[in-house]
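Here's the letter readout for the chains.
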Amino acid sequence: MTRSGFVALAGRPNAGKSTLVNRIVGRKVAIVSDKPQTTRREIRGIATGPDWQLVLVDLPGVQRPRDPLTERMQRRVESVLSDADAVLFVLNGEQQIGAGDRFIAAAIENAHVPAVTALNKVDRLNQPRTVTALDAAADLGVNGEIFPVSARSGAGLDPLVEQLVSLLPKGPFLYPREDKSDQPEHVRIAELVREQVLLRTREELPHAVEVEVDELEEREDGLLVVRARVWAETESQKGILVGAGGRMVKAVGTAARKEIEQLLDRRIHLDLHVRVRKGWRRDEALLDRLGIE
Ligand SMILES: Nc1nc2c(ncn2[C@@H]2O[C@H](COP(=O)(O)OP(=O)(O)OP(=O)(O)O)[C@@H](O)[C@H]2O)c(=O)[nH]1
Ligand SMILES: [Mg+2]
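What counts and how
Residues numbered from 1 in each chain as written. Chains lettered and ligands numbered in written order. Predicted model: local features only at pLDDT ≥ 70, side-chain atom pairs only at ≥ 80, totals over all residues. Helix = DSSP H or I, 4+ residues; strand = E, 2+ residues; numbered from the N terminus. Rg over C-alpha atoms; globule rule 2.2 N^0.38 Å. Buried ≥ 20, exposed ≤ 12 C-beta atoms within 10 Å, placed from the backbone. Contact = placed C-beta atoms within 7 Å. Domains from an automatic or database assignment. Nonpolar A, V, L, I, M, F, W, Y, C, P; charged D, E, K, R; others polar. Pairing = 2+ DSSP bridges. Axes fitted to C-alpha atoms, helices over the stretch in contact; angles between N-to-C directions. Near = placed C-beta within 6 Å.

Residue-level account of the overall build of the protein chain, with values.
If you tally the helices and strands in the protein chain, you get 10 helices and nine strands. Taken against the 2.2 N^0.38 rule, which gives 19 Å for 293 residues, the C-alpha radius of gyration of the protein chain at 20 Å falls within 12% of a compact globule. Judged by the C-alpha coordinates and their principal axes, the protein chain covers about 55 × 40 × 40 Å. Per-residue burial over the protein chain gives 41% buried out of 293 residues. In the protein chain, 71% of the contacts between residues at least 6 apart in sequence involve partners at least 24 apart.

If you had to explain the domain arrangement of the protein chain to someone new, which residues and values would you point to?
Taken domain by domain, the protein chain consists of domain 1 (3–166) and domain 2 (185–289). Centre-to-centre, using C-alpha coordinates, domain 1 lies 27 Å away from domain 2. Each side of the interface is counted separately: domain 1 has nine residues, and domain 2 has 12 residues. By residue class, the composition of the side of domain 1 that touches domain 2 is three nonpolar, three polar and three charged.

Quick rundown of the sheet that holds strand E7 (residues 210–218)? Include the residues and the values.
Note on sheets: strands pair through backbone hydrogen bonds, and any given pair is parallel or antiparallel. Strand order in the open sheet formed by three strands is E7-E8-E9, with mixed pairing between adjacent strands. Looking at the sheet topology across the chains shown, the edges are occupied by E7 and strand E9 (268–276). For this sheet the average axis-to-axis angle between neighbouring strands, irrespective of direction, equals 20°. In terms of strand pairing, strand E8 (residues 224–232) meets E9 through nine bridges, oriented parallel. Bridging across to E9, alanine 232 finds its partner in valine 276. Sheet strands in contact with helix H6 (residues 185–200) are E7, E8 and E9, and its direction is about 130° off that of E7. Strands in contact with helix H9 (residues 247–264) are E8 and E9; relative to E9, the strand with the most contacts, it is inclined by about 135°.

An account of the site of ligand 1 is needed here, citing residue identities and associated values.
In the neighbourhood of ligand 1, 24 residues make up the surrounding shell, with Gly16, Ser18, Thr39, Gly61 and Arg152 lying closest. Counting residues per element, the shell around ligand 1 draws most heavily on helix H1 (residues 17–25), at three residues. Among the residues forming the shell around ligand 1, the class breakdown is six nonpolar, 12 polar and six charged.

I'd love a proper account of the sheet that holds strand E4 (residues 86–92), names of residues and values included.
Spatially, six strands are ordered E2-E3-E1-E4-E5-E6 in an open sheet, and the strand pairing comes out mixed. Every other strand in the sheet has two partners, leaving strand E2 (43–48) and strand E6 (146–148) as the edge strands with one partner each. Each neighbouring strand pair of the sheet contributes to a mean axis angle of 25°, computed without reference to strand direction. Judged from the six bridges that link them, E4 and strand E5 (residues 115–120) form a sheet pairing that is parallel. Bridge assignment links phenylalanine 89 to a residue of E5, and that residue is threonine 117. Here H1 sits on the sheet in contact with strand E1 (3–11), E2, strand E3 (52–58), E4 and E5, set at roughly 160° to E3.

This is the structure we're talking about:
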């Protein structure tokens, strides 16, 4: 008898949810950065064992909404939590537990689903600090076991996965065995471009950038031509993204092209255009089109 189901990941921005999903799936299905709010829409990463299938629903970090974009993200998190078979609560072991974690702990209890807590980034903690952090995690009062893990090194993940699997209902697999993610190709490509922008920008800019793939053109010589737009909200942001003599957009393009070639296992040509779209984060029709529900 097989077990399969949905596990929603909840945690503050930057806790390492996407890194954890990538590690458990064994492939990069979600982009990662050191900037909070990297994940904007839910991503399903699929991990399949001999007789189990975990569908990990990577979610945006939970925080206080600031605009229609973040409001949508939060509403979505709440509804995914209550629909999941289990919740994986991810804590950032490098940071003190705070109001944000207590808020999420309450949301998990309200969702009435079984939970497991991962105290992540223990590679950064010594033994006494790990023990203290585990005690603080227990004080949050979320149901279920707590596992110290490192999404970066992979330490501690086997018992965590085993525990998650035990919480899944019995039933057939939900996705074909070989599937790793539910995202369409053009979204994965756009995300890889955005990841390279996040790595190279700071402060407000990472939040102001969105990427949309306009066209995927198969050429006869086997090359795949990808045309994508990088949006900024203001002219000055656009200036930074283009960079002196086009240096920034070129660096983003070169790095993203390598990532995309790895993803698709073929040669590609990436054509990036930086455009200004004032207030895109408030444009409900655009958010619909971008799939940020
Ligand atoms: N040292 C260490 N760093 C980690 C670990 N897991 C994640 N990180 C780093 O933490 C940062 C945030 O990781 P993400 O996986 O993007 O975090 P997230 O929770 O998905 O963040 P949002 O999508 O913004 O909510 C990145 O710089 C990661 O490389 C870990 O186990 N150890
Ligand atoms: Mg993320």
